[in-house]
Amino acid sequence: LVMVYDGDVSPFKAPIPSLLLTSALHHHLLKTGLRLNASLIVASGEPREVHHFACLLGYGADAVYPYLAFESIGELVEAGGKGIPPLAEAQQNFIESVERGLYKVMAKMGIALLSSYRGAQVFEALGLNHEVIKRYFPHTDSILGGVGLPELAASQARWHQLAYRSEVTSNSPREASYGFYKFKRDGEAHRFSPELVKALHKSVQAGEKLLAERPLESPFEILPAGPPHFDEYLALAEALPAVGVRDLLDFVRHRPAVDIATVEPMESIVARFSTGAMSHGSLSSEAHRTLAEAMNLIGAASNSGEGGEEEDRYPTDANSRIKQIASGRFGVTPAYLLSADELQIKMAQGSKPGEGGQIPGHKVTDEIARIRHTTPGVALISPPPHHDIYSIEDLAQLIYDLKRFSPRAAVSVKLVSESGVGTVAAGVAKGFADVIHISGAEGGTGASPLSSIKFAGMPWEVGLALAQQTLLENRLRERIILRVDGGFQTGRDVLIAAILGADQFSFGTSALVAEGCLMARSCHTNTCPVGIASQRPDLRAKYPGTPEAVVSFMLGVAHQVRVLLASLGCRSLDEVIGRTELLGQVVYGPEAGHLDLAPLLGRPTDEAPRRYGGQRNREDMRGRDLEAQVFAMVEDAFRDGQAMRAWLGPFTITNVDRTVPARLAGWLQGNHPGLEPGTLTVKFEGSAGQSFGAFGVEGLTVELTGEANDYVGKGLGGGEIVIRPPVALKHLDTHRNWIVGNTVLYGATGGTLLAAGRAGQRLCVRNSGATAVVEGAGEHACEYMTGGTVVVLGTIGRNFGAAMTGGEAFLFDPSGASLAKINGELVEAVRLSADAEERLKALIVLHEERTGSVRAADLLRRWSVTREEFWHVRPRAAAARIEAHNEGHDQVEKGLLVKA
């Protein structure tokens, strides 16, 4: 046993940072071949937050004893107060809270066991020089360098001196809060100080007044130089001390300035702007709608965020032009997809990678649950990206799916700023995405708990530069639009991003401040004082925002961009995109944290295009578009806009024919929505490729005699998919043979699937409304299901119904083996009630009629016996437990010592 202990301090002895010492010992023992001979225990006063424990374990600690945290808990208990439990319970609550946080961190990384996480070093560093990294944290990326041992020692000495300074006595006041999460006047600098927020409010309110007085005129004519007082806001923003990478950079002027009148107009600049992906749920309906109306007013784009949008907004100026779909879940219906000019796949986002869609249960109201097709009161936490997208091939398949369904919509992929993002960006470009969105660590979404807005992602400057450089090296840059977000506040931020390679720019926090946000940082608690990040009716009634205020901010930023372009002797953003010779590092040494920004300012060795070339990144479909044949017949079936019953086919299909017939489904949704069931039936024979029947719509029936690969019925919104084996194979036991692949009905919101055979793993994950009858299923079926009905007429794999909060399932289980494979955390299995039996039997009858299933016929023939061998799996009636969970989660986030 080796113990690292830092408690033996005195006025003359300061501790070595626990993480530095832990990693040094761990790697020394590895090099000497002794690491497996002893456990490494860290007893330290430093660890107090989840990230501290995560780092210590990740760099080799076997266990951590946070003695100072426990002593602090003891002091709080001794002081007493409302809600403070006894000492043992309070300490146990702290332990459980840390454990929950570690579970979340491990889940983000796709690591199931602590033994796998320990020593895995799934981190990168910001601000440590290469000598420190090489010696003490080997194999950790630290792209920009930073401080060395002398600086670390000096920092440690300053804190030690503060603890032992002579004027601090037992009667002296406590040291002021450091302001790590919330702004403190004597704490560390934040990008948005109260003075800056007030200055922005003053400016946009003045602009709002001018726009309201002349509502029929163009905003660009009314505010040609942005709103009044915007220069005061800019002066405060740019007077801040260096708090980010871009603050260490300044422009290098190679040309004489030009007249601003010759610079491209604000209209073309704001067309590159968008708002960040902030969902209706994290934001109130009023705040969400305001952003959309504002951006549409000036020809920019708002981003719906993950979680759907009210359908009555689609044909109006309140429609979000960018619709985020993550990987196809949370209210992603055919109508939602078709309403967008751009569909965004969220692999991760910078402020909290892997946690998109995270909303505490107390913010999931009936309204939000309806739009998101989920359960009221249940927290929404998207799993990490690997949970939905397994590989670059799966990502390319989803891009393909979306482009087939909605050919007019661009497809973007949102990536987190991190080391290695350039390689992923190259894969995304080769997967035929149209836009790569690099998301930086700054900012948030109006829903994140405090533990998710620090230590996550890297500055956007790093990810943007890496993506730009890799795309250039691989001759991919002109095929793709590069967009970036991460705490943008000014036109200076925009221009620096453009020079580093960005074509487009996204604003999150600053757009919320423009519509009235006070930066109270209480988003996750549902107590936003101005109703922007709250679902409480009383707080929403206080919402002050207007589209004109947001428009004023955007025009102010665009005007500053024009001013700066003119000063650089450039007349358009196209002239500066990727021209890193226009930037130079101007802050060095201790003030810059000893960072070296040269890696961000690398220049290509040739004159390859450094920006988007203007052509859509399309896959060549010549000679392999099966649906072209289908369309020729569909046009004859729909004359003069009148739908009629039609049966087309059978068409021969092979496994290279992917996402059939999504193009037809998108055309029907756009031209003939709401068809009667059975209006159009298209038949296929053979082995279908990926995503057969994806995004199906009402009135469309797709029949396949044969088999299908993964993602059958992905995002199914209506209609029917029928899959049966060839007549020649009907003698086989269909409940023992697979007929469809993995991840069937992923994210479906409606419709029916009838498959006379087994389904692979992850059947009906995130299903929120579809009905499925299959004859067997692999592992993880019905995971995260929030609605719909699933009938399995055969055996299942393990982990059935994990995190299932809605809908129901029926399992045929004559042996009783299925009960051991059900994840009982949120569901229970009971025998059939009379009502459940009636519903089940009707579905089995339908299955037998539509597929000719021998298995279904046999079960129906012996119904008096087989009915007793079914289990009805349903979510537990757990409203009280969910409410208690949410309340506990809220209290932990507030820092109280109550049970999570």
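Residue numbers run consecutively from 1 along every chain, following the written order of its sequence. Two thresholds apply to this predicted model, a pLDDT of at least 70 for residue-level local features and 80 or more for giving and counting side-chain atom pairs, whereas whole-chain, interface and lining totals are computed over all residues. Note that the side-chain values use all heavy atoms of the structure and ignore hydrogens as well as water.

### What to know about the overall build of the protein chain
And step 1. Secondary structure summary: the protein chain contains 27 helices and 25 strands in total.
And step 2. Computed over C-alpha atoms, the radius of gyration of the protein chain comes to 29 Å, within 12% of the 29 Å expected from 2.2 N^0.38 for 900 residues, which places it in the range of a compact globule.
And step 3. Along the longest, intermediate and shortest principal axes, the C-alpha atoms of the protein chain span 90 × 70 × 55 Å.
And step 4. Buried means the residue's accessible area, taken with a 1.4 Å probe over protein chains only, is under 20% of the maximum for its type, while exposed means over 50%, and partly exposed covers the values in between. Within the protein chain, the fraction of its 900 residues that count as buried is 57%.
And step 5. Residue contacts are counted whenever heavy atoms from the two residues lie within 4.5 Å of one another. By sequence separation, contacts in the protein chain at least 24 residues apart represent 64% of the contacts at least 6 residues apart.
And step 6. Surface exposure here means Shrake-Rupley accessible area, sampled with a 1.4 Å probe, where a residue is shielded only by the protein chains that are shown. Total accessible area on the protein chain stands at roughly 36,400 Å², and carbon and sulfur atoms take up 54% of it. A run of H or I in DSSP counts as a helix once it spans at least four residues, and a run of E counts as a strand once it spans at least two, with each numbered from the N terminus. Throughout, the radius of gyration refers to the C-alpha atoms, and the reference size of a globule is 2.2 Å times the residue count to the power 0.38.

### What about the side chain of Ser691?
And step 1. Its place among the elements puts Ser691 in the loop between β17 (680-688) and β18 (700-708).
And step 2. Not counting residues up to four positions away in its chain, the partners in contact with Ser691 are Gln397, Asp401, Thr659, Val660, Asp710, Tyr711 and Lys714.

### Some remarks on unusual backbone geometry
And step 1. Residue Gly649 is joined to Pro650 through a cis peptide bond whose omega torsion reads 10°.
And step 2. You can see Pro650 is positioned in strand β16 (residues 646-653).
And step 3. The backbone of His594 sits at a positive phi, close to 60°, despite the residue not being glycine.
And step 4. Note on placement: His594 falls in the loop between β15 (583-585) and α22 (626-637).

### Observations concerning the packing of helix α8 (residues 194-213) against helix α10 (residues 230-238)
And step 1. Between N-to-C directions, angles span 0 to 180 degrees; the directions come from axes that are lines fitted to C-alpha atoms, helices contributing only their stretch in contact. At a minimum axis distance of 8 Å, the contact between α8 and α10 shows a crossing angle of 160°. As summarised for this structure, α8 and α10 are arranged roughly antiparallel, according to the angle between their axes. Regarding α8 and α10, the two cross each other, and that crossing is left-handed. Within the contact between the two elements, α8 uses Glu195, Leu196, Ala199, Leu200, Lys202 and Ser203 and α10 uses Phe230, Glu232, Tyr233, Leu236 and Ala237. Note on terminology: angles under 35 degrees are roughly parallel, angles over 145 are roughly antiparallel, angles of 65 to 115 are roughly perpendicular, and the others are oblique. Crossing handedness: left-handed means the near helix sits turned counterclockwise from the far one by under a right angle, and right-handed means the same turn made clockwise.

### Side note on the layout of surface pockets
And step 1. Each pocket or cavity is described by its volume, and for the second largest pocket that value is around 340 Å³.
And step 2. The rule is simple: put a 1 Å grid over the protein atoms alone, call a set of points where a 1.4 Å probe fits but cannot get out a cavity, call an open set with protein on both sides within 12 Å along at least five of seven lines a pocket, and count a residue as lining if it has an atom within 4 Å of a point. Along the walls of the second largest pocket sit 16 residues, with Phe53, Leu57, Val98, Glu99 and Leu102 positioned nearest its centre.
And step 3. Of all the elements in the fold, those that place two or more residues in the lining of the second largest pocket are α2 (50-58), β3 (63-65) and α4 (87-108).
And step 4. Among the elements that make up the lining of the second largest pocket, the one with the highest residue count is α4 (seven residues).
And step 5. A per-class count over the lining of the second largest pocket returns 14 nonpolar, no polar and two charged. Grid points are joined across faces, edges and corners, and a volume is the space filled by probe spheres set on the points. Just so you know the grouping, Ala, Val, Leu, Ile, Met, Phe, Trp, Tyr, Cys and Pro go in nonpolar, Asp, Glu, Lys and Arg go in charged, and all remaining residues, Gly too, go in polar.

### A short note on the nonpolar core
And step 1. With 177 residues, the main nonpolar core has Phe273, Phe505, Phe684, Phe692 and Ile723 as its most contacted residues.
And step 2. A total of 12 residues in this core trace back to one element, the largest contributor, which is helix α21 (residues 547-567).
And step 3. In terms of nonpolar packing, the next biggest core, distinct from the first, is built from 20 residues, Ala54, Val77, Val98 and Met106 among them. Among buried residues, those of type Ala, Val, Leu, Ile, Met, Phe, Trp, Tyr and Cys that are joined through side-chain atoms within 4.5 Å constitute a nonpolar core.

### With respect to the packing of aromatic side chains
And step 1. Within 6.5 Å between ring centres, the rings of Phe, Tyr and Trp (the latter by its six-membered ring) count as paired, and their orientation is classed by plane angle as stacked under 30 degrees, edge-to-face over 60, tilted in between. In this structure the tally under the stated criterion is 22 aromatic pairs.
And step 2. Among the aromatic residues, those joined into a ring-pair cluster are Phe230, Tyr233, Phe273, Trp460, Phe488, Phe505, Phe507 and Phe553.
And step 3. In this scheme, the term charge over a ring applies when either NZ of a lysine or CZ of an arginine sits within 6 Å of the ring centre and within 35 degrees of the ring normal. One residue, Lys323, lies across the ring of Tyr336, its end atom 5.8 Å from the ring centre.
And step 4. Its guanidinium or amino end placed over the ring of Tyr784, Arg766 lies 4.6 Å from that ring's centre, counting from NZ or CZ.

### Focus on the side chain of Ser534
And step 1. If you trace the backbone, Ser534 turns up in the loop between α19 (509-514) and α20 (537-540).
And step 2. A distance of 3.0 Å separates the side chain of Ser534 from the backbone nitrogen of Arg536, its partner in a polar contact. Nitrogen and oxygen atoms within 3.5 Å of one another constitute a polar contact, given that in protein one can donate a hydrogen and the other can accept it, and given that sequence-neighbouring residues count only through two side-chain atoms.

### Side note on the pairing of strand β1 (residues 2-5)
And step 1. Note on pairing: DSSP must find at least two bridges between two strands before they are called paired. As judged from the four bridges shared by β1 and strand β2 (residues 40-43), these two strands associate in the parallel manner. Each residue of the ladder has a partner; that of Val4, found in β2, is Val42.
And step 2. Whether a crossover is right-handed comes down to one check: with the strands pointing away from the viewer, does the path from the first strand over the helix to the second run clockwise; if it does, it is right-handed. Note on the crossover from β1 through helix α1 (residues 18-31) to β2: the handedness is right-handed.

### Description of the sheet that holds strand β25 (residues 870-875)
Strand-to-strand pairing in sheets goes through backbone hydrogen bonds, with the strands running parallel or antiparallel.
And step 1. The 10 strands lie next to each other as β16-β17-β18-β19-β20-β21-β22-β23-β25-β24, forming an open sheet whose pairing is mixed. Every interior strand has two partners, whereas the edge strands, β16 and β24 (827-830), have only one. Averaged over all pairs of adjacent strands, the angle between strand axes in this sheet comes to 15°, irrespective of strand direction.
And step 2. Pairing of β16 with β17 involves six bridges; the strand directions are parallel. Paired with Leu648 across the strands is Val682, a residue of β17.
And step 3. Seen against the sheet, α22 touches β16 and β17 and runs at an angle of roughly 170° to β16.

### Side note on the sheet that holds β2
And step 1. If you walk across this open sheet you meet the three strands as β1-β2-β3, and the pairing is parallel. Among the strands making up the open sheet, the edge pair consists of β1 and β3. Looking at each pair of strands side by side, their axes are set apart by 20° on average, direction ignored.
And step 2. Along the sheet face, α1 touches β1 and β2 and points at about 170° away from the line of β2.

### Some words on the pairing of strand β12 (residues 435-439)
And step 1. Counting buried positions along β12 gives five out of five residues, so the element sits mostly inside the fold.
And step 2. Burial of the side chains of β12 extends over both faces: Val435, His437 and Ser439 are buried on one face and Ile436 and Ile438 on the other.
And step 3. Across five bridges, strand β11 (residues 410-416) lies against β12 in parallel orientation. Paired with Val416 across the bridge in β12 is Ser439.
And step 4. One ladder, built from five bridges, connects β12 with strand β13 (residues 481-485); its direction is parallel. Residue pairing for β13: His437 is matched across the bridge by Arg483.

### Regarding the environment of Gly420
And step 1. Turning to its location among the elements, Gly420 is positioned in the loop between β11 and α16 (421-430).
And step 2. Relative accessible area serves as the criterion here: at 36%, Gly420 is assigned to the partly exposed category.
And step 3. Taking the C-alpha atoms as reference points, Gly420 and Gly463, separated by 43 residues in sequence, lie 8.3 Å from one another.

### Quick look at the pattern of salt bridges
And step 1. The salt bridge criterion pairs a side-chain nitrogen of Lys or Arg with a carboxyl oxygen of Asp or Glu, the two atoms within 4 Å. Following the criterion strictly, the structure yields 50 salt bridges and no others.
And step 2. Between Glu309 and Lys323 there is a salt bridge whose closest N-O contact spans 3.4 Å. You can see Glu309 sitting in the loop between β8 (303-306) and β9 (322-324) and its partner Lys323 sitting in strand β9, a full 14 residues away along the chain.
And step 3. Residue Lys323 is classed as buried on the basis of its relative accessible area, which comes to 0%.

### A short note on the environment of Ala426
And step 1. Position of Ala426 among the secondary structure elements: in helix α16.
And step 2. Overall, the relative accessible area of 7% leaves Ala426 in the buried class.
And step 3. As a C-alpha pair, Ala426 and Ala199 span 227 residues in sequence and 41 Å in three-dimensional space.
And step 4. Filtering out sequence-adjacent residues up to four positions away, Ala426 remains in contact with Thr470, Leu471 and Leu476.

### Digging into helix α3 (residues 67-79)
Two residues of an α-helix separated by three or four positions point the same way, owing to the 3.6 residues in each turn.
And step 1. Here the expected length of a helix is defined as 1.5 Å per residue gap, with one fewer gap than residues. The first and last C-alpha atoms of α3 sit 19 Å apart over 13 residues, in line with the 18 Å expected at 1.5 Å per residue.
And step 2. When we look at burial in α3, the residues that qualify are Tyr67, Ala69, Phe70, Ile73 and Val77. With its buried residues spanning 160° around the axis, α3 presents them on a single face. Counted as exposed and oriented over 90 degrees from the buried face of α3: Glu75, Glu78 and Ala79.
And step 3. Positive phi appears at Gly80, one or two residues downstream of α3, with a value of about 75°. The arc in question is formed by the directions pointing from the helix axis toward the C-beta atoms.

### Notes on helix α17 (residues 460-473)
And step 1. For α17, with 14 residues, the first-to-last C-alpha span of 20 Å sits near the 20 Å given by 1.5 Å per residue.
And step 2. Burial within α17 is extensive, with 12 of its 14 residues counted as buried.
And step 3. Within α17, burial applies to Trp460, Glu461, Val462, Gly463, Leu464, Ala465, Leu466, Ala467, Gln468, Thr470, Leu471 and Leu472.
And step 4. Close packing links the buried residues of α17 with α16, β12, β13 and α18 (491-500).
And step 5. Just downstream of α17, Arg475 is the residue with a positive phi angle, here 55°.

### Considerations on the state of the cysteines
And step 1. Put simply, a disulfide is two cysteine sulfurs that come within 2.5 Å. One pass over the structure, following the stated rule, counts zero disulfides.
And step 2. As a non-bridged cysteine, Cys764 has Cys782 as the owner of its nearest cysteine sulfur, 5.5 Å distant.
And step 3. On the basis of relative accessible area, Cys782 is assigned to the buried category, the value being 0%.

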